[in-house]
Amino acid sequence: MTAELLLQLLVSGLGMGFIFALIAIGLALIYGVMNVVNFAHGEFLMISMYASVFAFTLGGLDPVVTLPFVAVAMFGFGVAVYYLLMKRVLGGAMHSQIFATFGLMVFLQAAAQFTFGADYYSINHSWLGGTVRIGGVTLPMPQIVAAVGAILCTACLYLLVFRTRVGRSLRAVSQDRVAALTMGIDADRMNALAWGLAAACIGVAGSLLSNFYYVFPRVGAVFVLVAYVTVALGGFGSIGGALAAGVAIGVLQVFSGFFMTSTLKFVPVFALYLLIVLFRPTGLLGKQ
Amino acid sequence: MPLLETRSVGVALGDVQVLWNASITVEPGEIVCLLGPNGSGKSTLMNSVSRLNRLVSGEIWFDGTAVHSLPPHKVPQLGVSHVLERHRLFPFMTVYENLLIGAGSVTDPAILKQRFERVYTLFPRLKERERQVANSMSGGEQQMCAIGRGLMSDPKLLMVDEPFIGLSPKFREEVTKTIQQLNRDGIAILMIEQNVRQALALSHRSYILKAGQIALTGRSADIAKSPQLEEIFFARKSGATTSVSPASAAH
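Since the structure is predicted, the reported quantities are computational estimates derived from the model, not experimental observations.

Cut-offs and rules
- Residues numbered from 1 in each chain as written.
- Chains lettered and ligands numbered in written order.
- Predicted model: local features only at pLDDT ≥ 70, side-chain atom pairs only at ≥ 80, totals over all residues.
- Heavy atoms only, no water.
- Pairing = 2+ DSSP bridges.
- Helix = DSSP H or I, 4+ residues; strand = E, 2+ residues; numbered from the N terminus.
- Axes fitted to C-alpha atoms, helices over the stretch in contact; angles between N-to-C directions.
- Phe/Tyr/Trp six-rings, centres within 6.5 Å; stacked < 30°, edge-to-face > 60°.
- Buried < 20%, exposed > 50% of the residue type's maximum accessible area, 1.4 Å probe, protein only.
- Contact = heavy atoms within 4.5 Å.
- Buried area = accessible area lost by both parts, 1.4 Å probe.
- Salt bridge = Lys/Arg side-chain N within 4 Å of Asp/Glu carboxyl O.
- 1 Å grid on protein atoms, 1.4 Å probe; cavity = no way out; pocket = protein on both sides within 12 Å on 5 of 7 lines; lining within 4 Å.
- Points joined across faces, edges and corners; volume = space filled by probe spheres on them.
- Nonpolar A, V, L, I, M, F, W, Y, C, P; charged D, E, K, R; others polar.
- Parallel < 35°, antiparallel > 145°, perpendicular 65-115°, else oblique.
- Left-handed = near helix turned anticlockwise from the far one by under 90°.
- Patch = residues over 30% accessible without salt bridge, like charges linked within 9 Å, V, L, I, M, F, W, Y side chains within 5 Å.
- Areas by Shrake-Rupley, 256 points an atom, 1.4 Å probe, with all protein chains shown as cover.

Draft legend 1. Structural view of the sheet that holds strand β7 (residues 157-161) of chain B. All names here are of chain B. Ordered in space as β6-β7-β8-β3-β9-β10, the six strands form an open sheet in which the pairing is mixed. Looking at the sheet topology across the chains shown, the edges are occupied by β6 (80-83) and β10 (213-219). Mean inter-strand twist for the sheet, computed between neighbouring axes without regard to direction, equals 15°. Alignment of strand β3 (residues 31-35) against strand β8 (residues 188-192), held across four bridges, turns out to be parallel.

Spelled out as C-alpha cells, the structure:
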C-alpha cells in the first residue's frame, strides 16, 4: 500500500463524487422548490446518455462537443415535463405527485427499451483517449474531463442560485412559497425553472458519463439510487449538502470497492447513510 | 372611489366555503381593521385580496383594476403589499435579501437606495442587522423586517395580518407608532388584530367578522361603544355579567 495508490483512489473517487453530486443537485433543486421527489430523475440521465452516445455513433460528435446542446435540450425537456405533467398534479394529493414521476420513470424506461432494445451502448475511441499522469497519479482522460466538467457545472449553478436575481427568487419560493407570491414572484415559473435546471444538470452529467460508462434502458437506476442517498444524506433541498455528500460518497465507494470487492462498493455508502440519518434525520446540512 | 373594494366575496378553502358575501372598502388614507374571533374569516378575506385562495363569488377591485382576475404574483404590482401572519420572512436569507425581494421588480439603484433608506429610517435596528440571517433574529425584529419588506414595494395599501402577535409591549408600541406614521405618510392600512380594544383605538373604521360573515361595521369609535361587540365575541347576550373584557377574551 503506497501513498501514491491512496492518492490515486482519492482523486478518482473525487471525480466520481462530483458526477454523483451533479445528479443529486438536480434532485435537491426540485425537492427544495416544489417538495416533490422526481422518481424519473435517473431516466433523465438515461436519455442524456443515449443522446450523447448516438450523437457519437451516428454523427461522429464527441460528448464534449454535444454537451452544451444536450444540456439545453434537457432544460427544455425538464420544463416540458413540468408544464405537461407536474403542473397538472400539483394541487392534488401527495401520492398523485409520487405516481406522476414514478409513472414517468416507467414510461421512459419502457420507451427506451422499445426504441433501442436492452443492448448496452458505449462510446469507443472517444476523442478523449489515453491517460494523464499528474504527480504520480494516473487518471484516464475521460474521467478528468468529467470531474472538471461537473465542478464547473456545479459552480455555475451555485452562482446562478446564490448570486443572481432569478436565483434569489428561486430560493424565496423554496423557503416560503406563499410569501414569495405576495412579493410578486411567479412561483409557477420558478417551478418550471427548477425542473429545467435539474434536467440540464442531468444533461451535463449524462454527457460526461457517456464517455466512460455504457448506456442501457435501466442505467438511471444505477446512479439515481446513489443520488437519493446523496440528497437525503446532504439534507433534502440543500444544494451545498448534496455537493458535499456526493463528493463524500464518490470517495467512499472507490475506497470500499478497492479494499472490499467492487460488487460491494456501495454497501458502506448505504451503511453510512443509515448511520447518519439515525442520528441526524434531516441529513448533514438539512434544515431542522 | 375606494382604493380597495371587495364586493360580496365568497371564498372556499378546499371544498369548504369559509367566507360569504364579504364586502369591504378601504379609502385612501384610512386605517381599517378586520376584527373577529378565531376562525371568523379575517385572514381568509385578506388573503383573497392577494389572490392566495379560491374565490367562489364576488369581485375585488383595487384602484380601478379587477384584482379577482389576476394571478397572485401580479397583485403586488398594483400597489398592494401584504405582510402575512407571523411575518413569514425567508428564514435562511439575510435581512438585506429579504428587503431586496420586497422591492419586487425595482432594479434602479437610485430608487432601491431610497427605499432602503426609508425602511432603515423607520427601523434603524434593521440597518444594524442588515447582514444577519432572518431566523436568527428575535420575533419583534422579524416582525419589523416583515413590515419593512412590505414597504419596499412603495405600496398604496399595506395589509398587515396580526402585526402584534407574540410581541413584547415595547415592540407593540413601536409597531403601533410605525403604522400611524405610515398612515400619516399617505399609505392606507388594512390590518387584522386580535386585541379588540387596541385595534379599535388605532383604526378609523372596522369590520367585525363572525363565522365567515361580516357581522358589524362602522367607525371604530362607535363600534367600541356598541353593545353588539360583546355579543359577537362572547356569543351570549350583552349585559351578561362577566369580569373578562373583550380584549383579553380575544386571546
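We are not done yet, so read on.
Draft legend 2. A look at the packing of aromatic side chains. All names here are of chain A. Throughout the structure, instances matching the rule amount to 23 aromatic pairs over all chains. Each ring, one from F44 and one from F77, has its centre 5.2 Å from the other, and the planes form 70°; the classification is edge-to-face. Remark: F77 occurs in helix α3 (residues 63-89) and F44 occurs in helix α2 (residues 41-59); sequence separation between them is 33 residues. With relative accessibility at 25%, the residue F77 sits in the partly exposed group.

Draft legend 3. The interface of chain B and chain A, seen in detail. Across the boundary between the two partners, chain B contributes 21 residues, which contact 16 residues of chain A. Buried surface at the junction of chain B and chain A, both sides included, amounts to about 1800 Å², of which 65% is carbon and sulfur. Ranking the residues of chain B by area buried against chain A places B:H73, B:F90 and B:F92 at the top, with a combined share of 29%. Our count for the chain B to chain A interface comes out at two salt bridges.

Draft legend 4. Structural detail: the layout of surface pockets. Reported here for the largest pocket is a volume of approximately 700 Å³. Around the largest pocket, the lining comprises 35 residues; the ones closest to its centre are A:R165, A:G184, A:I185, B:G104 and B:S105. Elements that contribute at least two residues to the lining of the largest pocket include exactly α6 (165-175) and α8 (187-209) of chain A together with β6, α2 (95-102) and α5 (139-151) of chain B. Across the lining of the largest pocket, the residue classes break down as 14 nonpolar, twelve polar and nine charged.

Draft legend 5. Focus on the packing of helix α9 (residues 219-234) of chain A against helix α10 (residues 239-259) of chain A. Residue and element names in this part refer to chain A. At a closest axis distance of 8 Å, the pairing of α9 and α10 adopts a crossing angle of 125°. Between α9 and α10, the interaxial angle falls into the category oblique. As α9 runs across α10, the sense of the crossing is right-handed. Between α9 and α10, the contacting residues are V226, V229, T230, L233 and G234 on the first element and G241, A242, A245, G246 and I249 on the second. Grouping the amino acids of the contact of α9 with α10 by side-chain chemistry returns six nonpolar, four polar and no charged.

Draft legend 6. Structural view of a nonpolar patch on the surface. All names here are of chain A. A cluster of nonpolar side chains, namely L6, F258, F259, M260, L264 and V267, defines an oily patch on the protein surface of about 530 Å² accessible area. Tracing the chain through its elements places M260 in the loop between α10 and α11 (267-279). Residue M260 is classed as partly exposed on the basis of its relative accessible area, which comes to 44%.

Draft legend 7. Here's a closer look at the sheet that holds strand β2 (residues 16-26) of chain B. Residue and element names in this part refer to chain B. Spatial ordering of the open sheet is given by β2-β1-β4-β5, a layout of four strands whose pairing is antiparallel. Either end of the sheet is taken by a strand with one partner, and the two such strands are β2 and β5 (65-66). Looking at chain direction, strand β1 (residues 4-13) and strand β4 (residues 54-62) are connected through seven bridges and run antiparallel. Across the sheet, G10 pairs through a bridge with S57, a residue of β4. Seen against the sheet, helix α1 (residues 42-49) touches β1, β2 and β4 and runs at an angle of roughly 115° to β1.

Draft legend 8. Representation of the pattern of salt bridges. By the definition in use, this model includes twelve salt bridges over all chains. Across the pair B:E97 and A:R171 runs a salt bridge, and its minimum N-O distance is 2.8 Å. Of this pair, B:E97 sits in helix α2 while A:R171 sits in helix α6, each in a different chain. Look at A:R171 and you get buried, because its relative accessible area is 10%. For A:D176, the salt bridge is made with B:R88, and the minimal N-O distance between the two is 2.6 Å. Linking A:D176 in the loop between α6 and α7 (177-182) with B:R88 in the loop between β6 and α2, this pair reaches from one chain into another. A residue is classified by how much of its surface remains accessible, and A:D176, at 10% relative accessible area, is buried.

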